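Listed here are the chains, written in short residue letters.
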Amino acid sequence: MRIAVFGSGYVGLVTGACLAEVGNDVLCVDVDSSKISALRAGKIPIHEPGLEALVVRNASAGRLRFSTDAALAVSHGEALVIAVGTPPGEDGSADLSHVLAVAREIGRHLPGYRVIIDKSTVPVGTADRVAETIRTALAERGVLHDFDVVSNPEFLKEGAAVADLMKPDRVVVGTDSPRALALMRALYAPFTRNHERLIVMDARSAELTKYAANAMLATRISFMNELAGIAERVGADIEKVRQGIGSDSRIGFSFIYPGAGYGGSCFPKDVKALCRTAAEAGANPRLLNAVEAVNESQKDVLFQKLAGVFGSRLSGMTVALWGLAFKPNTDDMREAPSRRFMEAAWAAGVRVRAYDPVAMREAERLYPRECASGSFTLCRSPLEAVEGAEALVIVTEWQEFRSPDFETLKARLKQPLILDGRNLYDPDRLKSLGFKYFAIGRGERLS
C-alpha cells in the first residue's frame, strides 16, 4: 500500500517506520526541512528503542522516504496519515492548528479518493472539522472528490512504541464508511494475524476512547499518589498496600505505582484537554480536575522533602539527581517531575549534579543558562553525580539505578541521605546500611 504520513515526530516516525517494515511504500512529510535532512542522513531526532534500526533498514530498502513536499505526499498515498502535534493551549484545550493545516494541504492537492487517517490525539469532533476543512479547500478549487476521514488513535508507550505498533493489543478505528474500513483492515492485517484486534466504532467514540484511556491511567497514578500521602501520615507502607490491592484481579498491578507524579507528552496534555472538552460540553469533570490537581502537587513532594530535611540550610548546597526523563527508555523531558524539582532547587540556591542514560542532551538544550552558570552539572555516571553531594534524589526508575553499590554511594555522598521518588529500595535495608532514606508513602514522614 502507498502511504503518506504527515508529521515526522514521535508518532509519525514510529508509524511510518513500522508500516514500511511490513512492506508498504511510505513517504513521511514534514514542514521542518532540517528534520527531514537529518532523517535522510539516518539521524533520528528522538530516543526510542529499536526505532533507529527500523528507520535505517527501511530507508535503505527504499520503502521509507522523507520529504517536505505536501503535494507529493497527497499524490503518493492511498492512505494519508495525520500525525502532527496537538500542543495544549493556555486554557488546556488542544491546539488543532497543525492538524487543520494538514487538512487544508490535503484539500488543495487531493487528486481523487483518499482515506485520511487521523492519528493525532484530538478532541471529539475533530474528524468532522478535518472533513469540513478538506471540503472547503476542494470547493475553492472548484472540484469534487470523494474522501473519508477515519479516527485511528495511537496507543504507543514511549520506550516501547515500536513493539506496541508491531504487536498492538487493540486497533481502534472510527468510521462509518465500508470503503474506508476495508482499507483499514488491509492496512492492519500484517499486525493482527493472530486474532482480530480491530475495534470499530464511530469517529467521535474513537476520539473519546483515546482521551479516556490516558485519563484512566492518569487517574490510577494520582489515586496511588494520594494514598501514599495518607500512608505517610498514618504510618503505613504504600508498597504493602499496593501489593494488597494489586492482587485483586479487578484492580491488577498496572499503573498503581506511587511516585513523583506523571509527566511526558500525553497524560498531562490529554487530561487537561479532556477537562476542557467536558467544560465546553457543559459538564463538570470533577474527578479529572482532581486527578490533575493531585499530580501537580505530587511533583512538588520531592523538593518539599528536601526542604524538610535542610530547612534554611538549602542555599549553597549540592544535590545529586538520578534521572531526567519523565520515564525510563526515553529522552523526553516534557512535563517531567525532574524539571519541577530542579527549578525549585535552583530558586532556593541549590546546585544540581544530574545523570540520565539518554536525556542529558535534552537537559542541556532546555537549561543552557543553568549549565553555563554552574548551578547544573551533567555527569557521566551515577556515581560521578553523587560526588560531594549532600543528598541523592531519584526521579526516574532507570534499570541501572535499581541495584547500586551502596557502600561506594555512601562514601561519595557528604552525608548518607536518599530521597527516592520511585520507591526503588527497601527502607529497612537502607537503614541497616546507615542511610537516611525517605521514599513516597513508605511509612516515614518528615515533619
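See the structure shown above.
Right, let's walk through the structure included here. Just so you know, these numbers come straight off a predicted model, no measurement behind them. (Residues numbered from 1 in each chain as written. Predicted model: local features only at pLDDT ≥ 70, side-chain atom pairs only at ≥ 80, totals over all residues. Heavy atoms only, no water.)

**Some thoughts on the packing of helix α9 (residues 203-234) against helix α12 (residues 286-298)**
Geometrically, a packed helix pair is captured by the angle between its two axes and the distance between the axes. Using the following cut-off: In this analysis, axes come from line fits to C-alpha atoms, helices being fitted only over the stretch in contact, and the angle between any two N-to-C directions falls in the range 0 to 180 degrees. A run of DSSP states H or I qualifies as a helix once it reaches four residues; a run of E qualifies as a strand once it reaches two. Both are numbered from the N-terminal end. Relative orientations are named as follows: roughly parallel for angles under 35 degrees, roughly antiparallel for angles over 145 degrees, roughly perpendicular for angles from 65 to 115 degrees, and oblique for any other angle. Take the far helix as the reference: if the near one is turned anticlockwise from it by less than a right angle, the crossing is left-handed, and if turned clockwise, right-handed. Residue contacts are defined here by distance: any two heavy atoms, one from each residue, within 4.5 Å place the two residues in contact. In this classification, the charged set is Asp, Glu, Lys and Arg, the nonpolar set is Ala, Val, Leu, Ile, Met, Phe, Trp, Tyr, Cys and Pro, and all remaining amino acids, among them Gly, are polar.
Remark: α9 packs on α12, axes separated minimally by 9 Å, with the N-to-C direction vectors making an angle of 55°. What the angle tells us is that α9 and α12 run oblique. Read as a crossing pair, α9 and α12 show a hand that is left-handed. On α12, the residues touching A215, A218, T219, S222, N225 and E226 of α9 are L288, V291, V294, N295 and Q298. Classifying every residue of the contact of α9 with α12 gives five nonpolar, five polar and one charged.

**Section: the state of the cysteines**
One covalent bond between the sulfur atoms of two cysteine residues makes up a disulfide. The test is simple: Two cysteine sulfurs form a disulfide in these notes if their separation is within 2.5 Å. Each residue gets one of three labels from its accessible area relative to the maximum for its type: buried under 20%, exposed over 50%, partly exposed in between, using a 1.4 Å probe on protein chains only.
Within the structure shown, the criterion is met by zero disulfides. Lacking any disulfide linkage, C18 is separated from the closest cysteine sulfur, that of C28, by 11 Å. Residue classification places C18 among the buried residues on the basis of a relative accessible area of 0%. The thiol sulfur of C275 is not disulfide-bonded, and the nearest other cysteine sulfur, from C266, lies at 16 Å.

**Focus on the packing of aromatic side chains**
The condition is simple: In this analysis, rings of Phe, Tyr and Trp, with Trp reduced to its six-membered ring, are considered paired at centre separations within 6.5 Å, and the interplanar angle assigns stacked below 30 degrees, edge-to-face beyond 60, and tilted for intermediate values. To sit over a ring, a charge needs its Lys NZ or Arg CZ within 6 Å of the ring centre and within 35 degrees of the ring normal.
In this structure the tally under the stated criterion is 12 aromatic pairs. Seen in terms of ring centroids, F406 and Y425 are 5.1 Å apart; in terms of plane orientation they differ by 85°. Their pairing is edge-to-face. Residue F406 is found in helix α18 (residues 406-412), and its partner Y425 is found in the loop between β13 (417-420) and α19 (427-432); the two are separated by 19 residues along the sequence. Neither F406 nor Y425 differs from the other in exposure class; each is buried. Grouping aromatic residues by their ring pairs yields a cluster made of F406, Y425, F435 and Y437. If you follow R170 out to its NZ or CZ, it ends over the ring of F155, 3.8 Å from the centre. The ring of Y113 has R179 lying over it, and the distance from NZ or CZ to the ring centre is 3.4 Å.

**With respect to helix α1 (residues 10-21)**
Selection criterion: By this rule the span expected of a helix is its residue count minus one, scaled by 1.5 Å.
Taking 1.5 Å per residue, 12 residues should reach 16 Å; α1 reaches 17 Å between its end C-alpha atoms and fits that length. Here α1 lies mainly inside the structure; 11 of its 12 residues are buried. One or two residues past the end of α1 sits G23, with phi positive at roughly 110°.

**Thoughts on the pairing of β13**
As a reminder of what qualifies: Following DSSP output, two strands are said to pair if at least two bridges run between them. The handedness rule is simple: strands pointing away from the viewer, and a clockwise path from the first strand over the helix to the second, make the crossover right-handed.
Both faces of β13 are covered, namely the face carrying L417 and L419 and the face carrying I418 and D420. Relative to β13, strand β12 (residues 391-394) is paired through three bridges, and the arrangement is parallel. The residue bridging V393 from the neighbouring strand is L419, located in β13. Crossover handedness for the path β12 to α18 to β13: right-handed.

**What about the pattern of salt bridges?**
The cut-off we apply is this: By definition, a salt bridge exists where a carboxyl oxygen of Asp or Glu is found within 4 Å of a side-chain nitrogen of Lys or Arg.
Under the counting rule described, the total for this entry stands at 29 salt bridges. The salt bridge involving R365 is made with E362; its shortest N-O contact spans 2.7 Å. Of the two residues, R365 and E362 are both situated in helix α15 (residues 360-366); the distance of three residues between them amounts to about one turn of the helix. By relative accessible area, R365 is classed as exposed at 55%. A salt bridge links R380 to E384, with the nearest nitrogen and oxygen atoms 3.1 Å apart. For R380, a relative accessible area of 74% puts it in the exposed group.

**Structural notes on the environment of G235**
Among the secondary structure elements, G235 is positioned in the loop between α9 and α10 (238-246). With relative accessibility at 52%, the residue G235 sits in the exposed group. Along the primary structure G235 and G441 are separated by 206 residues, whereas in three dimensions their C-alpha atoms are 8.6 Å apart.

**Points about the sheet that holds strand β11 (residues 376-378)**
Strand pairs in the sheet, formed through backbone hydrogen bonds, run parallel or antiparallel to each other. With parallel pairing, the six strands of this open sheet are ordered in space as β11-β10-β9-β12-β13-β14. Two strands lie at the open edges of the sheet, namely β11 and β14 (436-438), each paired on one side alone. The sheet shows a mean angle of 20° between the axes of neighbouring strands, direction not considered. Two elements, β13 and β14, share three bridges in a ladder whose sense is parallel. Looking across to β14, one finds that L419 is bridged to F438. Sitting on the sheet, helix α14 (residues 337-347) is in contact with β9 (318-322), β10 (351-355), β11 and β12, with an inclination near 175° to β9.

Structural measurements only, silent on function.
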